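Observations on the three-dimensional arrangement
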Amino acid sequence: MSYEPIESAEDLRRRVVPNQTAESDWLEFKLTYEWHGPDRRKRALEACRDEAQFANTLGGTIVLGVPEVRTEDGRLVAGDIIGCSEVDGLVGWIEQAILDHLHPRDLPHSARSIALGDRSIVVINVEPSPRLVAVASGEHGELEYLRRVSTRKVRMTPDEVEK
């Protein structure tokens, strides 16, 4: 299996089955990003780390509005579809976080809301990047490079970054 973007409600229904579909190298579930309040910068950095990990590997999709749940055997799978509130504001916040914290800023991605009946979810499709994508995370512009390994974000070593 390989990365395949989720572009529509049909794609989502086909690819994400609650309590069955596992997180993978290409798919991550989150209830939402808490984008209001005093820790906005910290939360924006975490969202950018999620996006960078996919850009620096084989691409992937982050699905907001579907929490991850752990099964009895320890796998992370999609929980029930809860949906997100204020989806337009959330998508705008994601786009601004990319501009503020990712380098290069032209990350190959799309962030959009998808209506599912009376609920809306947000999907962020991140294409694999031809160049390494860094997160500018520190007060002095320190750069972090991440990649996706199974269901985890892993910091890249200096040797991996040089290649």
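What you see is a predicted model, and the numbers here were worked out from it, not measured in a lab. (Residues numbered from 1 in each chain as written. Predicted model: local features only at pLDDT ≥ 70, side-chain atom pairs only at ≥ 80, totals over all residues. Heavy atoms only, no water.)

1. Notes on the packing of helix 2 (residues 40-55) against helix 3 (residues 87-101)
The description of two packed helices rests on the angle between their axes and on the distance between the axes. Look at helix 2 against helix 3: their axes get within 9 Å of each other, and the N-to-C directions meet at 85 degrees. One way to sum up the angle between helix 2 and helix 3 is to call them roughly perpendicular. Contacts from Arg40, Arg41, Arg43, Ala44, Leu45, Ala47, Cys48 and Glu51 of helix 2 reach helix 3 at Trp93, Ile94, Ala97, Ile98 and His101. By residue class, the composition of the contact of helix 2 with helix 3 is eight nonpolar, one polar and four charged. (Axes fitted to C-alpha atoms, helices over the stretch in contact; angles between N-to-C directions. Helix = DSSP H or I, 4+ residues; strand = E, 2+ residues; numbered from the N terminus. Parallel < 35°, antiparallel > 145°, perpendicular 65-115°, else oblique. Contact = heavy atoms within 4.5 Å. Nonpolar A, V, L, I, M, F, W, Y, C, P; charged D, E, K, R; others polar.)

2. What about the sheet that holds strand 2 (residues 60-64)?
One open sheet holds the four strands; their spatial order is 1-2-7-6, and the pairing between them is mixed. Either end of the sheet is taken by a strand with one partner, and the two such strands are strand 1 (27-30) and strand 6 (109-116). Taken pair by pair, the neighbouring strands of this sheet meet at an average axis angle of 20 degrees, ignoring direction. Sheet topology places strand 2 next to strand 7 (residues 119-126); five bridges connect them, and they run antiparallel. By the bridge assignment, Thr61 is partnered in strand 7 with Asn125. In the packing of helix 3 onto the sheet, contacts are made with strand 2, strand 6 and strand 7, and the angle to strand 6 comes to roughly 170 degrees. (Pairing = 2+ DSSP bridges.)

3. Side note on the pairing of strand 1
Across the two faces of strand 1 the burial is the same, with Leu27 and Phe29 and Glu28 and Lys30 all buried. Bridge count for strand 1 against strand 2 is four bridges, and the pairing is parallel. If you follow Lys30 over to strand 2, its bridge partner there is Leu64. (Buried < 20%, exposed > 50% of the residue type's maximum accessible area, 1.4 Å probe, protein only.)

4. Looking at helix 2
Given a rise of 1.5 Å per residue, 16 residues ought to cover 22 Å, and the 22 Å separating the end C-alpha atoms of helix 2 matches this to within 8%. If you check which residues of helix 2 are buried, you get Ala44, Leu45, Ala47, Cys48, Arg49, Asp50, Glu51, Ala52, Gln53, Phe54 and Ala55. (Expected span 1.5 Å × (residues − 1).)

5. Considerations on unusual backbone geometry
Leaving glycine out, the prevailing phi sign among residues is negative, and the prevailing peptide bond configuration is trans. Of note, the bond from His103 into Pro104 is cis; its omega dihedral lies within 30 degrees of zero at 0 degrees. Take Pro104: it is sitting in the loop between strand 5 (102-103) and strand 6. Located in the positive-phi region is Asn19, a residue other than glycine, with phi close to 65 degrees. Here Asn19 shows up in the loop between helix 1 (9-15) and strand 1. Unusually for a residue other than glycine, Glu86 sits at a positive phi of about 50 degrees. Here Glu86 is to be found in the loop between strand 4 (76-78) and helix 3.

6. A short note on the pattern of salt bridges
Two side chains that carry opposite charge are able to pair once their charged atoms sit near each other. A full pass over the atoms with the stated rule returns 14 salt bridges. A salt bridge links Arg49 to Glu46; its shortest N-O distance comes to 3.4 Å. Of the two residues, Arg49 and Glu46 are both situated in helix 2; the distance of three residues between them amounts to about one turn of the helix. Close ionic contact of Glu160 with Arg147 constitutes a salt bridge, the shortest N to O distance being 3.0 Å. (Salt bridge = Lys/Arg side-chain N within 4 Å of Asp/Glu carboxyl O.)

7. Side note on the confidence of the model for the protein
The pLDDT averaged across the protein works out to 94; a share of 99% of its residues lies at or above 70. Within the protein, helix 4 (residues 158-162) has the poorest average pLDDT of any element, 90, and strand 2 the best, 98. (pLDDT = per-residue confidence, 0-100.)

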